[in-house]
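Descriptive structure summary
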Amino acid sequence: MKIIVAGAGAGKTSSMAQMVLDRYNETESKIIYVVTYTNAAKNHIEDKIKKLNGHLPKRILVETIHAFLLREFIFPYHHLLYGKQFTRVSQIKLPHDNRLKAMKIKELGLQKFIHVEKVTEVAKWIVYGKSNDKKDVKKKREEVLSIITRFLDSVFVDEAQDMDNYFLEIVKVLEEKGINLCLVGDPKQDLRGRFAFNDLIDTFPDSVTYKPENHRCPVSHVLFSNSYIFDKEKQKPMTETLGLLNYCYEDQVDIEEILRSKKWDYTYIYNKNERFFTNKADKNSGEENLEYELKSLIAKTNLMENKIDKITYLLKKKVLNKIYRSEYYIIFSWLERILSINLSDKDKARLAFSFDLILEKSDQKGILVNSIDSIKGLEGDNCIFILTTSLAPYFFKEKADKKKMLNYLYVALTRSKKELLIFVTKEVKKKYGEEFLESKFQSFGINKLKHNSSKDNISIV
């Protein structure tokens, strides 16, 4: 097993693409998997391999981690070990209530759907097992693993800091079975607070290599972000650009004028407030839930099965128009009339949940900015980091107890290739006072911006 710890701007994707091709040239027939957590990252890795090799070889499969686990473990083997077959995956939004959530997952299972939130856990059962497994299940598991090792040569894991404890156990079993493993990640960018990658680093210390290069950020940004991380993970700036680190106060500037004054690639915040909101609510997830609920209602009618998809599409289109101008009870009555059925209280609650998801963004006011979660992995020449009271204690080094919060801070400080502006919110200024803030920024070597209201111009004091 190889574990590579590489921070922001270290060129992780390019390095991994070359390692994958090197392994490909060393082997003859077995499959090599490259897995990551998002489709965007998947496409990025594919492009890097094609750029280096001219094409993507057939034996190199690039997938999301969920697609890998579904294709190679859950779909072909779950029914052999546990008697239930899954054939499809669902990404619908689950209720927050644990009881309702469990009911929805069970209902999906009866239709041979596995919810995306359960994929790594169920895959772990197949590879690692359950505590109450009987002898015949354990025997079948060994047979399954034997089959997998016959065709699977390697698994390369990108963004390994996002792995959960279920996938951690899968990795350990594959290591025991002789599968070639290479995991590349950055513990400093674990925003989910899972820390499974840290556990792997601690378990296999002799397998760990640290890659300290930072090709993205200018010198001043790298040195400043280094002050928040462990010595062994500190980075070396690989550019000669000094870069700009500036700050300003919300109550002394016009943020909209600042945004117009130059091209800012990303403006981001840890948590929204009354002046800034993020695009966190996913309208598509609401529409997926609505489609699922409508299809479930239509299945209760006497309509022919081959017409369900068409009727669902038409109903969904009508409902999407109605939810912005009608009360929910009016839509419920309309559906009852159209489908000739009576909606139960449970049916109405589930429909209302999907309506709420779709409408969640409609009443948001203020300036739309990115969340720090959404800009992880991205970079831009000029960025604005909106500092709120959540991250301020960590930024000013009053606290260092929550590693997850320090990870958010690290990501926020390492997106820019030229200029980073620290935008201090009103709440932060009220909490700490301007005298304290001025002293802190001076000690950090961060300059204050002077805003010239007569011109669209920002200059350094």
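In this text, all values refer to a predicted model and were calculated from it rather than measured experimentally.

1. Section: the overall build of the protein
Scanning the protein from terminus to terminus reveals 19 helices and 18 strands. Based on the C-alpha atoms only, the size of the protein along its principal axes is roughly 75 × 65 × 45 Å. Taking all 461 residues of the protein together, 50% fall into the buried category. Across the protein, contacts joining residues at least 24 apart in sequence account for 76% of those joining residues at least 6 apart. Here the protein displays about 23,300 Å² of accessible surface, and carbon together with sulfur accounts for 48% of that area. With 78 positive and 64 negative side-chain charges, the protein shows a separation of 4 Å between the mean positions of the two kinds.

2. Observations regarding the packing of aromatic side chains
In this description, a pair of aromatic rings is defined by centroid distance and the angle of the planes. Considering all chains together, one arrives at 21 aromatic pairs under this definition. A centroid spacing of 5.0 Å and a plane angle of 75° characterise the contact between Tyr328 and Phe355, whose relative ring orientation is edge-to-face. On the criterion of sequence distance, the pair formed by Tyr328 in helix 13 (residues 328-339) and Phe355 in helix 14 (residues 345-359) is long-range, its members being 27 residues apart. Tyr328 gets classed as partly exposed once you look at its relative accessible area, which sits at 22%. Seen from their ring centres, Phe395 and Phe396 are 5.1 Å apart, and the 85° between their planes marks the pair as edge-to-face.

3. Focus on the sheet that holds strand 8 (residues 208-211)
As a general point, the strands of a sheet are linked pairwise by backbone hydrogen bonds and lie either parallel or antiparallel. As summarised here, the arrangement of the 6 strands in space is 3-2-6-7-1-8, forming an open sheet in which the pairing is parallel. On the outer flanks of this sheet lie strand 3 (60-64) and strand 8, each paired with one strand and no other. Strand-to-strand twist of the sheet, defined as the mean angle between neighbouring strand axes without regard to direction, takes the value 15°. Where strand 2 (residues 31-36) meets strand 6 (residues 152-157), 5 bridges bridge the pair, whose relative direction is parallel. From the neighbouring strand, Val35 faces strand 6, where its bridge partner is Val157.

4. Concerning the pattern of salt bridges
Pairing is possible between side chains of opposite charge, provided their charged atoms come close. Counted by the stated rule, this structure contains 34 salt bridges. Note that Glu72 and Arg71 form a salt bridge whose closest N and O atoms lie 3.7 Å from each other. What makes Arg71 partly exposed here is its relative accessible area of 43%. Its salt-bridge partner being Lys188, residue Asp186 comes within 2.7 Å of it at the nearest N-O pair. Look at Asp186 and you get buried, because its relative accessible area is 0%.

5. Here we look at the nonpolar core
For soluble globular proteins, the rule of thumb is that nonpolar side chains tend to be buried together. Counting 47 residues, the largest nonpolar core has Leu69, Ile74, Val155, Met163, Phe167, Leu183 and Phe197 as its most contacted members. At 8 residues, the largest contribution of residues to this core is made by helix 3 (residues 65-82). In terms of nonpolar packing, the next biggest core, distinct from the first, is built from 33 residues, Phe385, Phe395, Phe396 and Ala412 among them.

6. Overview of the pairing of strand 6
Judged by how many residues are buried, strand 6 sits mostly within the fold: 6 of 6 residues are covered. Note that strand 6 and strand 7 (residues 180-185) share 4 bridges and pair parallel. In the sheet register, Val155 faces strand 7, and the bridge partner there is Leu181. The parallel pair strand 6 and strand 7 is bridged by helix 7 (residues 165-176), and the resulting crossover is right-handed.

7. Concerning the pairing of strand 16 (residues 416-424)
Extensive coverage of strand 16 is indicated by the burial of 7 of its 9 residues. Alignment of strand 11 (residues 244-249) against strand 16, held across 6 bridges, turns out to be parallel. Paired with Tyr249 across the two strands is Val424, which belongs to strand 16. Relative to strand 16, strand 15 (residues 380-387) is paired through 7 bridges, and the arrangement is parallel.

8. Observations concerning helix 3
For helix 3, with 18 residues, the first-to-last C-alpha span of 22 Å runs short of the 26 Å given by 1.5 Å per residue. The axis of helix 3 is deflected most strongly, by about 45°, at Ile74, and proline Pro76 appears within four residues downstream. Looking only at helix 3, the buried set comprises Ile65, Phe68, Leu69, Leu70, Glu72, Phe73, Ile74, Tyr77, His78 and Leu81. One or two steps after helix 3, the chain reaches Gly83, where phi turns positive at roughly 80°.

9. Looking at the environment of Leu339
Here Leu339 shows up in helix 13. The sequence separation of Leu339 and Leu391 amounts to 52 residues, and the corresponding C-alpha distance is 51 Å.

10. Here we look at helix 19 (residues 434-444)
Of the residues making up helix 19, those classed as buried are Leu437, Phe441 and Phe444. Buried positions in helix 19, seen along its axis, are confined to an arc of 60° and lie on one side of it. Away from the buried face of helix 19 by more than 90 degrees, exposed residues Glu435, Gln442 and Ser443 are located. Taken together, the buried residues of helix 19 touch helix 9 (219-226), strand 11, helix 16 (392-395), strand 16 and helix 18 (426-432). Once helix 19 ends, the next one or two residues include Gly445, with phi positive near 75°.

11. As for unusual backbone geometry
In this structure, Glu159 takes a positive phi of about 55° despite not being glycine. Even without glycine at this site, Lys397 takes up a positive phi of about 65°. Summarising the element assignment, Lys397 is placed in the loop between helix 16 and helix 17 (403-413).

Analysis parameters
- Residues numbered from 1 in each chain as written.
- Predicted model: local features only at pLDDT ≥ 70, side-chain atom pairs only at ≥ 80, totals over all residues.
- Heavy atoms only, no water.
- Helix = DSSP H or I, 4+ residues; strand = E, 2+ residues; numbered from the N terminus.
- Buried < 20%, exposed > 50% of the residue type's maximum accessible area, 1.4 Å probe, protein only.
- Contact = heavy atoms within 4.5 Å.
- Areas by Shrake-Rupley, 256 points an atom, 1.4 Å probe, with all protein chains shown as cover.
- Lys, Arg positive; Asp, Glu negative; His and termini not counted.
- Charge placed at Lys NZ, Arg CZ, Asp CG, Glu CD.
- Phe/Tyr/Trp six-rings, centres within 6.5 Å; stacked < 30°, edge-to-face > 60°.
- Pairing = 2+ DSSP bridges.
- Axes fitted to C-alpha atoms, helices over the stretch in contact; angles between N-to-C directions.
- Salt bridge = Lys/Arg side-chain N within 4 Å of Asp/Glu carboxyl O.
- Core = buried A, V, L, I, M, F, W, Y, C linked by side-chain atoms within 4.5 Å.
- Right-handed = clockwise from strand over helix to strand, strands pointing away.
- Expected span 1.5 Å × (residues − 1).
- Bend = angle between axes of the 7 residues up to and from the residue.
- Arc of directions from axis to C-beta.

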